[in-house]
Amino acid sequence: MELLGRPIDERALDARLDALVRRNAQAGNAAIDLLNLIGGHAEGLLDRLPGQVRARLDTATQEALTYAAEAAHRSRGTLGEMPGWRMRALTTVMGAAGGMGGLPTALAELPVTTTVLLRAIQDVAVEHGFDPNEPGVRFGSIEVFGAAGPLSRDDGANLGFVGTRMTLTGAAMRSLIARVSPRLATVLGQKLAAQTVPILGAAAGAATNYAYTRYYQEMAQVHFGLRRLAIDADRDPQDLVAAFRERAAVQRV
């Protein structure tokens, strides 16, 4: 339960909103730099994947996200809270292992990495004072994957915002996953392709997993930071999202 104190003033609201816009704009820089280091472009990475893998990528991503939605939630009962750096270290090791065997091991690693990424997003929600067991928070954690992606120059201003009052049903969750998974499929496809780079597979897998985890942690900071700001300022969440998008668009120009 969230206790409401006196709402923050407009000056404090503007400062926090501007900070979230800056954080959002900077989130993908590390991943872009990583891609340049590997030697390629986001658009060209997907072309490296075999045709049959590209054809099944959407389905594989939807299956991975469906699995992750429950597995990440269940993990909270056994692993407890984990600091952000530990989550990044965990996915880095997993990425290296996935890249060692090329595409087959990278594909096998996909649902596990998706689960850890979702768990890292949930941990950010907790950091902002939200209960990860609440339906709206569980929905919001998945919708963070709807951000543009770490290898896109899109500033992510279209980041979704799920209302806090939702009924968690199987149909609603499946609908959300179906909406988010196509964009996540592109992101994960780029990761898979990077892991198939000859010789560099393990290093590329480790580096991309680190960069991707950091990116989605930052996107979660924006998503749940906006939600926290709506509470602290006693403002309508959708109004704040609209203001966020406007400021992000101005910064992009």
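Here the structure is a predicted model, which is why all the values come from computation and not from measurement. Residue numbers restart at each chain and count upward from 1, following the sequence in its written direction. In keeping with the predicted nature of the model, local features appear solely for residues at pLDDT of at least 70, side-chain atom pairs appear and are counted solely at 80 or more, and the whole-chain, interface and lining totals rest on all residues. The side-chain numbers reported here are obtained from all heavy atoms of the structure, hydrogens and water having been left aside.

S.K.: Lay out the pattern of salt bridges in plain terms, naming residues and giving numbers.
M.R.: Take a side-chain nitrogen of Lys or Arg and a carboxyl oxygen of Asp or Glu: if they are within 4 Å of each other, that pair is a salt bridge. Scanning the model with the defined rule gives eleven salt bridges in all. In this structure, Glu63 engages Arg56 in a salt bridge whose closest nitrogen and oxygen atoms are separated by 3.1 Å. For every residue, the accessible area obtained with a 1.4 Å probe (protein chains only) is divided by the maximum for its type, and the residue is called buried under 20%, exposed over 50%, and partly exposed between those limits. Judged by its relative accessible area of 44%, Glu63 is partly exposed. One salt bridge in this structure joins Glu143 and Arg179, with 2.6 Å as the shortest N-O distance. In this pair, Glu143 is assigned in helix α7 (residues 135–143) and Arg179 in helix α8 (residues 170–195), connecting sequence segments 36 residues apart. Judged by relative accessible area, Glu143 falls into the buried class, the value being 6%. You can call Arg179 exposed: its relative accessible area is 52%. Connected through shared salt-bridge partners, Asp14, Asp18 and Arg247 make up one network. Strands are runs of DSSP state E lasting at least 2 residues, helices are runs of H or I lasting at least 4, and numbering of each runs from the N terminus.

S.K.: Could you give me a rundown of the packing of helix α1 (residues 10–26) against helix α9 (residues 201–233), with the residues and numbers involved?
M.R.: An axis is simply a line fitted to the C-alpha atoms; with a helix, the fit covers only the stretch in contact. Between two such axes, the angle follows the N-to-C directions and lies from 0 to 180 degrees. Contact geometry of α1 with α9 gives a least axis separation of 9 Å together with a crossing angle of 170°. Classed by the angle they form, the pair α1 and α9 counts as roughly antiparallel. The hand of the α1/α9 crossing is left-handed. Counting all contacts with α1, which are made through Leu13, Arg16, Leu17, Leu20, Arg23 and Asn24, the residues of α9 involved are Glu218, Met219, Gln221, Val222, Gly225, Leu226, Arg228, Leu229, Asp232 and Ala233. Three classes are used: nonpolar for Ala, Val, Leu, Ile, Met, Phe, Trp, Tyr, Cys and Pro, charged for Asp, Glu, Lys and Arg, and polar for all others, with Gly counted as polar. When its residues are assigned to classes, the contact of α1 with α9 shows eight nonpolar, three polar and five charged. Roughly parallel means an angle under 35 degrees; roughly antiparallel means over 145; roughly perpendicular covers 65 to 115; every other angle is labelled oblique. Crossings are classed by handedness, with left-handed meaning an anticlockwise turn of the near helix from the far one by less than a right angle and right-handed meaning a clockwise turn. The criterion used for residue contact is that any of the two residues' heavy atoms lie within 4.5 Å.

S.K.: An account of the environment of Arg247 is requested, with residue identities and associated values reported.
M.R.: Topologically, Arg247 is positioned in helix α10 (residues 237–252). Taking the C-alpha atoms as reference points, Arg247 and Asp18, 229 residues apart in sequence, are found 7.6 Å from one another. With near-sequence residues (within four places) excluded, Arg247 lies in contact with Asp14, Leu17, Asp18 and Val21.

S.K.: Lay out unusual backbone geometry with the relevant residues and their values.
M.R.: Positive phi is not limited to glycine here, since Asp234 has a value of about 55°. Tracing the backbone through its elements, the reader meets Asp234 in the loop between α9 and α10.

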